[in-house]
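Analysis of the macromolecular model
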Amino acid sequence: MTDNKGNKALGGRQATSGLSPRSQQSGASTVEYLVATVIVVAMLFLPVPGHGESAMEMMIQGFKDSHDRYVWGMSYPL
């Protein structure tokens, strides 16, 4: 038995794998996000060419320098 489009019908339903097209793609974006996250984390912790330290180390040093200046400014008598 076929429907008007020429597809074999099973009790009024089309013969499919039982999964919707959206659920067949489930999990594909998880791998992409994982790869992107690994790349970003690696870029943060690998040494920056020409500086010899990682971007994370430079950012932490920047926070320390900024905090030292803040403490000095707050302790300066007016």
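Details of the structure are given in the entry above.
In this report, the structure presented in the accompanying data block is examined.

Parameters and conventions
Residues numbered from 1 in each chain as written. Predicted model: local features only at pLDDT ≥ 70, side-chain atom pairs only at ≥ 80, totals over all residues. Heavy atoms only, no water. Helix = DSSP H or I, 4+ residues; strand = E, 2+ residues; numbered from the N terminus. Buried < 20%, exposed > 50% of the residue type's maximum accessible area, 1.4 Å probe, protein only. Areas by Shrake-Rupley, 256 points an atom, 1.4 Å probe, with all protein chains shown as cover. Contact = heavy atoms within 4.5 Å.

So, on to the overall build of the protein chain. Assigned secondary structure in the protein chain consists of three helices and two strands. Listing every helix and strand of the protein chain by position from the N terminus yields β-β-α-α-α. When the 78 residues of the protein chain are sorted by exposure, 3% land in the buried category. Taken as a whole, the protein chain presents about 7,400 Å² of accessible surface, with 63% of it coming from carbon and sulfur.

Let us now look at the environment of Pro47. Residue placement: Pro47 occurs in the loop between α2 (28-45) and α3 (55-75). Residue class for Pro47 comes out exposed when judged on its relative accessible area of 54%. Separated by ten residues in the primary sequence, Pro47 and Glu57 place their C-alpha atoms 9.0 Å from one another. If we ignore the near neighbours within four places in the chain, the residues touching Pro47 are Gly52, Glu53 and Ser54.

This next bit is on the environment of Met59. Mapped onto the elements, Met59 comes out in helix α3. Taking the C-alpha atoms as reference points, Met59 and Leu44, 15 residues apart in sequence, are found 9.7 Å from one another.

So, to be careful, I would describe these as geometric facts and stop short of saying anything about function.
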